[in-house]
Amino acid sequence: MLLVHVAALGSLRRELVQTIGRDATRRVLLRAGFAAGERDATLARQVRSEAGLFEMFAVGPQLHMLEGAVQVTPEHFEADPQRRHYFGVYRWDHSWEVATHVRDFGPQSEPVCWMLLGYASGYTSAFFGWPILYKEVACEACGAPCCRIEGRPQHAWPDGDALAADYAADSLIVRLEDLQQQVETLRSTLETGDELGELVGRSRTFTAAVDLLCKAAATQVTVLLTGETGVGKERFARALHAMSARADKPFVAVNCAALPGELIESELFGAERGAFTGASSSRPGRFERADSGTLMLDEIGDLPLLAQAKLLRVLQTGEVERLGATTPRKVDVRLVAATNVDLEAAVEAGRFRRDLFYRLNVYPIRIPPLRERTEDIVALAEHMLRKFEALHGKRVAGFTDRALDALQRHPWPGNVRELENLVERGVILTGVGQPVDVEQLFPRLDAVAPVVIGANGRLEQAACGDASWLFDEVKRRGLGLDALEDVLIQEAVNRAKGNLSAAARALGLSRPQLSYRLNRLRERAKA
Ligand SMILES: [Zn+2]
């Protein structure tokens, strides 16, 4: 036992109310009281084990008075442990909680003897061995002459489940974790607002390309970005725009390969009403929409020859002419062209205009493929992890060493985009708070999901993949199906460090399904 001055408890209570709010404080104190009551019940059974039921029970209220919490006067006591019947009414005077609460917060409209109430519920429940809950039906803090509580078994209260919910392990930690997660999410969303935030890497080849980009940003020069598919050309173009004096003006990106040939000119240069079938109203092209900003033409090597001629004219005159229009419009656009094909070879083959190539190739920047900058992979992967954590509102515990090692060994034919896809997949497949491992990054049909636990609670072979290795392993160890299930459940619970929700997620079960299986497992262990 520890004697604590009421003033100390009172200031703790005040601080709790001010930091976590009245309702959370009420439940914290209810549970603290409940735990204290439970302990005193054990004591009561020991000290008066020969006494009658009421004398034995009265130890609780007496201890409560001795402890200086409140003065208790029993008004009614009915108990029939065989029939699980209980009804008790107690009068409370001089509750320490009333005194401290009213001093700090003034008169109340709702009862405030939370810890005392929790004590009564915990004591009586533990004394009889089934849930008995109290309500404070009158409280001095609300102007009543004294406090009064009534206790009944949980099932005898019409709102018993709601009362019991106050004693359930609290969501407060979960709520704090939720809030923490939201803060992290917002923080990482803000961080990506940085101009170079998306250009992650320190390797020599990569920083050389970024340096060129930074130098171009201060000028109006047309930039030609080259590099394999997926190296991040649009990221470079966006960064260039963000660093330039046009940053607060539009950035428009067009993928020339994605537009059908017959639409490409109207998309780029706009069309007047009736210029062609389907042009029911006049509309501006991408050049006009990017006016005073930056226009990125991606996969420019795929632009048809006719559109190439028009593009060249726009670059020479600074004017666009909508299809079907009679007068040109002035546009002020910073052009960034990008290609993953060798434009010089396309010129030699007659598929790309030589004069346009010279016009675009003033300031080429080659973005290196990921396999030429393996030292950047870890930093990139971690950057993307934070991004996808934010996007999916989920926190994981980084990568395992095994995963980082595998990422550095991969040849990356799809470059940064491939890495991005794998990391996103990893974030989605990894349990909350768990580290991303190789299995979540690299889909391997024979190892990722050969076995699932079906609706009937049995292991089933998944549609894809070969389960022979699993079968051999089960046979080698002489496990039955039930034992295998037990082993899997134990392993999941251990890995989740006892967090049943996480263990359930890892097994593809709901939390109640896992609890049901755990109970069955324990019964089997007993038998
Ligand atoms: Zn009260």
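Trainee: Before we go on, may I ask you to explain helix H13 (residues 305-317) in this structure?
Mentor: Every α-helix winds through 3.6 residues per turn, so residues three or four apart in the chain are directed the same way. In this model H13 runs 19 Å from its N-terminal to its C-terminal C-alpha over 13 residues, within 8% of the 18 Å that 1.5 Å per residue would give. Buried positions along H13 lie against helix H11 (264-269), helix H12 (286-289), strand E9 (294-298), strand E10 (319-320) and helix H15 (354-360). Count one or two residues on from H13 and you reach Gly318, which has phi positive near 70 degrees.

Trainee: For this particular structure, what's the right way to read the sheet that holds strand E6 (residues 251-255)?
Mentor: Each strand in a sheet pairs with its neighbour through backbone hydrogen bonds, running either in the same direction (parallel) or in the opposite one (antiparallel). What the five strands build is an open sheet, ordered E6-E9-E12-E5-E13; its pairing is parallel. With partners counted over all chains shown, the strands left at the sheet margins are E6 and strand E13 (363-366), one partner each. For this sheet, the mean inter-axis angle between neighbouring strands, taken without regard to orientation, is 20 degrees. As judged from the five bridges shared by E6 and E9, these two strands associate in the parallel manner. Considered in E9, the bridge of Asn255 is made with Asp298. Each of strand E5 (223-226), strand E12 (334-339) and E13 touches helix H9 (residues 204-217); the most contacted strand, E13, lies at about 150 degrees to it.

Trainee: Could you clarify how one ought to interpret the sheet that holds strand E1 (residues 71-80) in this entry?
Mentor: Strand order in the open sheet made by the four strands is E1-E2-E4-E3, with antiparallel pairing throughout. The open sheet has two edge strands, E1 and strand E3 (132-138), and neither has a second partner. Across the sheet, the mean angle from the axis of one strand to that of its neighbour is 15 degrees, orientation sign disregarded. By the bridge criterion, five bridges tie strand E2 (residues 85-93) to strand E4 (residues 147-153) in an arrangement that is antiparallel. The residue bridging Arg91 from the neighbouring strand is Arg148, located in E4. Docked against the sheet, helix H6 (residues 114-128) engages E1, E2, E3 and E4, running at close to 150 degrees with respect to E3.

Trainee: Sorry if this is basic, but what is going on with the coordination of the zinc ion here?
Mentor: Under perfect tetrahedral coordination by four donors, a metal shows angles of 109.5 degrees; under perfect octahedral coordination by six donors, it shows angles of 90 or 180 degrees. With distances of 1.9 to 2.3 Å, the protein atoms coordinating the zinc ion are Cys113 (SG), Glu136 (OE), Cys139 (SG) and Cys147 (SG). Each of the four donor atoms bound to the zinc ion contributes to angles spanning 100 to 120 degrees, and the resulting shape is tetrahedral. Sequence spacing among the residues donating to the zinc ion works out to C-x22-E-x2-C-x7-C. Pair noted here: Cys113 is in the loop between helix H5 (96-105) and H6 and Glu136 is in strand E3, with a separation of 23 residues, a long-range link.

Trainee: Whenever I open this one, the confidence of the model for the chain confuses me. Can you help?
Mentor: Detailed reading of the predicted coordinates is not advisable wherever pLDDT falls low. Averaged over every residue, the pLDDT of the chain is 85; residues scoring 70 or more account for 88%. Ignoring residues within four places in sequence, the model shows residues 445-465, a span with pLDDT below 50, making 40 contacts including any to other chains.

Trainee: Whenever I open this one, the packing of helix H16 (residues 377-392) against helix H17 (residues 401-409) confuses me. Can you help?
Mentor: In a packed pair of helices, the relevant descriptors are the angle between the two axes and the axis-to-axis distance. Remark: H16 packs on H17, axes separated minimally by 10 Å, with the N-to-C direction vectors making an angle of 120 degrees. As far as their axial angle goes, H17 and H16 are oblique. Crossing angle aside, the handedness with which H16 passes H17 is right-handed. Contact residues: H16 offers Ile377, Val378, Ala381 and Glu382, while H17 offers Leu404, Leu407 and Gln408. For the contact of H16 with H17, a count of residues per class yields five nonpolar, one polar and one charged.

Conventions and cut-offs
Residues numbered from 1 in each chain as written. Predicted model: local features only at pLDDT ≥ 70, side-chain atom pairs only at ≥ 80, totals over all residues. Heavy atoms only, no water. Helix = DSSP H or I, 4+ residues; strand = E, 2+ residues; numbered from the N terminus. Expected span 1.5 Å × (residues − 1). Contact = heavy atoms within 4.5 Å. Pairing = 2+ DSSP bridges. Axes fitted to C-alpha atoms, helices over the stretch in contact; angles between N-to-C directions. Donors = N, O, S within 2.8 Å, 3.2 Å for Na, K, Ca; no water. Tetrahedral: all angles 85-135°; square planar, octahedral: opposite > 155°, others 65-115°. pLDDT = per-residue confidence, 0-100. Parallel < 35°, antiparallel > 145°, perpendicular 65-115°, else oblique. Left-handed = near helix turned anticlockwise from the far one by under 90°. Nonpolar A, V, L, I, M, F, W, Y, C, P; charged D, E, K, R; others polar.

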